[in-house]
Every structure is written in C-alpha cells, then in structure tokens.
Amino acid sequence: SSKDPSSSSSASTTSLTLVDHNRIRSSLSHLSSMVTEIVDHHQDEKSHDDVTTDSGKRIIAFENGHATVASTCTLVAERLFQILSSDDDDN
C-alpha cells in the first residue's frame, strides 16, 4: 500500500523533483507545494514559480521552440556528474 506523502507526519520535509515534466499533473496537484526541483526538456509551462532557474533548481533544456537535448536522462546524468565532480573537489 502506498501512502500519500502530503498526509504523513514528514510532509513538511518531503520534497519532489519533477523529471521529464515541468508541471505536476492535476491528479497530484495537492503535492504541488512539495515540488522543489524541475529537470525537463519540454517547453516550460511556467508552473511552480518558486522553483527558479537562478537557484539552479529549474533546469529546462528548451530554447527557440526546440529541446536542446533529446532526453531528460542526459540532464540527469549531467547533474549527477556535476555533483560527483564537486564531491571529488572537496576531497
């Protein structure tokens, strides 16, 4: 059985990253306030205004009417390599 994270006692610490979508679907709109990061390659639907590009938490690879990568997987891999690289620099 799955639990609704918005009803759990840890709801205030639960966060969601949208991957391959930049707007939460309407059936999950009650979780919208938990969206803290977006990684996508589709046209920005301008939802979740508190997740900003300036913060580095809104990565949308879409410019001039076209995706700049073929798959969101590319963005996830780039982000992972970036994190791992910065961890190596700290050691």
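Refer to the structure printed above.
Summarised in this report is the structure supplied together with it. Throughout, residues of each chain are indexed from 1 in the direction in which the sequence is written. For a predicted model such as this one, the threshold for reporting local features is a pLDDT of at least 70, and the threshold for listing and counting side-chain atom pairs is 80 or more; totals across whole chains, interfaces and linings nevertheless cover every residue. Heavy atoms from the whole structure form the basis of all side-chain values; hydrogens and water molecules are not counted.

### Structural notes on the overall build of the chain
So, step 1. Runs of H or I in DSSP of at least four residues are treated as helices and runs of E of at least two as strands, each being numbered from the N terminus. Secondary structure summary: the chain contains one helix and five strands in total.
So, step 2. Going residue by residue from the N terminus, the α and β elements of the chain occur as β-β-β-β-β-α.
So, step 3. Here the chain, with 91 residues, has 23% of them falling under the buried criterion.
So, step 4. Long-range contacts, defined here as pairs at least 24 residues apart, represent 28% of the contacts in the chain between residues at least 6 apart.
So, step 5. Residue-level accessible areas treat just the shown protein chains as cover; the underlying method is Shrake-Rupley with a 1.4 Å probe. With the model as given, the accessible surface of the chain reaches about 6,500 Å², and the carbon-plus-sulfur share is 49%. Burial classes: relative accessible area under 20% of the type maximum marks a residue as buried, over 50% as exposed, and values in between as partly exposed (1.4 Å probe, protein chains only). In what follows, residue pairs with any heavy atoms lying within 4.5 Å of each other are defined as contacts.

### Let's talk about the environment of Arg58
So, step 1. Structurally, Arg58 is set in strand β3 (residues 58–60).
So, step 2. Residues Arg58 and Asp44 lie 14 residues apart in sequence; the distance between their C-alpha atoms is 9.8 Å.
So, step 3. Those residues in contact with Arg58 that sit more than four places away from it in its chain are Ile38, Asp44, Lys46, Ser47, His48, Val51, Thr52 and Thr53.
So, step 4. Pairs of N or O atoms are called polar contacts if they sit within 3.5 Å, as long as, within protein, a hydrogen donor faces a hydrogen acceptor (for residues adjacent in sequence, only side-chain-to-side-chain pairs). Within the local environment of Arg58, its side chain forms a polar contact with the side chain of Asp44, the two groups lying 2.8 Å apart.
So, step 5. Side-chain polar atoms of Arg58 contact the backbone oxygen of Val51, separated by 2.8 Å.

### Some thoughts on the side chain of Arg58
So, step 1. Its relative accessible area of 8% is what places Arg58 among the buried residues.
So, step 2. Within polar-contact distance, the side chain of Arg58 engages the backbone oxygen of His48 at 3.0 Å.

### Observations regarding the pairing of strand β2 (residues 35–40)
So, step 1. Counted residue by residue, β2 has five buried out of six residues, so it is predominantly covered.
So, step 2. Inspection of the sheet shows strand β1 (residues 16–19) paired to β2 by four bridges, in the parallel sense. Bridge assignment links Thr17 to a residue of β2, and that residue is Glu37.
So, step 3. DSSP bridges decide pairing: two strands pair if at least two such bridges lie between them. As paired strands, β2 and β3 are joined by three bridges and run parallel to one another.

### Quick look at helix α1 (residues 72–90)
So, step 1. One less than the number of residues in a helix, times 1.5 Å, gives the span that helix is expected to have. The end-to-end C-alpha distance of α1, which contains 19 residues, comes to 27 Å, matching closely the 27 Å that a straight helix rising 1.5 Å per residue would cover.
So, step 2. Capping the start of α1 is the job of one residue whose side-chain oxygen sits 3.0 Å from the backbone nitrogen of Cys73: Ser71.

### Re the nonpolar core
So, step 1. Listed in full, the eight residues of the largest apolar core are Leu18, Ile24, Leu31, Met34, Val35, Ile38, Val51 and Ile60.
So, step 2. If sequence neighbours within four positions are ignored, Ile24 has contacts with Leu16, Leu18, Ser29, Leu31, Ser32, Val35 and His48. Among buried residues, the Ala, Val, Leu, Ile, Met, Phe, Trp, Tyr and Cys ones that are joined through side-chain atoms within 4.5 Å form a nonpolar core.

### Considerations on the sheet that holds β2
So, step 1. Pairing within the open sheet is parallel, and its three strands lie in the order β1-β2-β3. Either end of the sheet is taken by a strand with one partner, and the two such strands are β1 and β3. Strand-to-strand twist across the sheet, computed as the mean angle between neighbouring axes with direction ignored, equals 20°. Angles shown run from 0 to 180 degrees and are taken between the N-to-C directions of axes, each axis being a line fitted to C-alpha atoms and, for helices, limited to the stretch in contact.

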